[in-house]
Amino acid sequence: MGRNDKRILIAEDNPELAGLIRIAFLGAPFRYDLANTGQEVTALHHLAVEHGDPYDLLVLDVAMPMKLGTTALREIRAEGDMQTPAIVFTGLPPDQTEAEVKDLNVLCVLYKPLGYDELMRHILQALEGDRVEAHQA
């Protein structure tokens, strides 16, 4: 399976950043869906699994409306999906975030501000199964 066959779910609630992600990911070597809320993350994940086209990677903002990205990931993990790799990104302090993701089988935590190149590098590393290094604020 090549990278073009890979599918990721990205969660970002900020409309400006979501728009930039859409523009930046034009021609990306993977397919992606963009969720605007934590609730949408769990709904899209369920639909993907039900339709036999599960995500290969979850990239979740921690602070999301209706449901935190980490709460959505905790629900996904509790439903038995421990194998889908996840990257979380946040503007929250590292000590607060590390405690929140401790038991969620997260590849890494990325800290804002985070540039497109760095985000793409982490996504591609994760899709290739490479070790992903955390970004420090």
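Below you will find a few notes about this structure.

What counts and how
Residues numbered from 1 in each chain as written. Predicted model: local features only at pLDDT ≥ 70, side-chain atom pairs only at ≥ 80, totals over all residues. Heavy atoms only, no water. 1 Å grid on protein atoms, 1.4 Å probe; cavity = no way out; pocket = protein on both sides within 12 Å on 5 of 7 lines; lining within 4 Å. Points joined across faces, edges and corners; volume = space filled by probe spheres on them. Helix = DSSP H or I, 4+ residues; strand = E, 2+ residues; numbered from the N terminus. Nonpolar A, V, L, I, M, F, W, Y, C, P; charged D, E, K, R; others polar. Polar contact = N/O pair within 3.5 Å; in protein donor to acceptor, adjacent residues only side chain to side chain. Contact = heavy atoms within 4.5 Å. Buried < 20%, exposed > 50% of the residue type's maximum accessible area, 1.4 Å probe, protein only. Pairing = 2+ DSSP bridges. Right-handed = clockwise from strand over helix to strand, strands pointing away.

**Describing the layout of surface pockets**
- When its volume is computed, the largest pocket comes out at roughly 260 Å³.
- Around the largest pocket, the lining is made up of 13 residues, and of these Leu17, Ile21, Leu114, Tyr116 and Leu119 lie nearest the centre.
- Where the lining of the largest pocket is concerned, the elements lending two or more residues are α1 (15-24) and α5 (116-128).
- Per-element tally for the lining of the largest pocket: the top contributor is α1, with four residues.
- Grouping the constituent residues of the lining of the largest pocket by class yields 10 nonpolar, one polar and two charged.

**What to know about the side chain of Asp81**
- Take Asp81: it is sitting in the loop between α3 (69-78) and β4 (86-90).
- A distance of 2.7 Å separates the side chain of Asp81 from the side chain of His45, its partner in a polar contact.
- Beyond its immediate chain neighbours, meaning those up to four positions away, Asp81 contacts His45 and Ile76.

**So, the pairing of strand β5 (residues 108-111)**
- Side chains Cys108 and Leu110 of β5 all project onto a buried face; the interleaved residues Val109 and Tyr111 project onto the opposite face, where all are buried too.
- Across four bridges, the pairing between β4 and β5 is parallel. The partner of Val88 across the bridge, within β5, is Val109.
- At this point the chain moves from β4, through helix α4 (residues 94-101), to the parallel β5, and the crossover so formed is right-handed.

**Overview of the environment of Val109**
- Looking at the element boundaries, Val109 is found in strand β5.
- Overall, Val109 belongs to the buried group, its relative accessible area being 4%.
- Separated by 50 residues in the primary sequence, Val109 and Val59 have C-alpha atoms spaced 9.9 Å apart.

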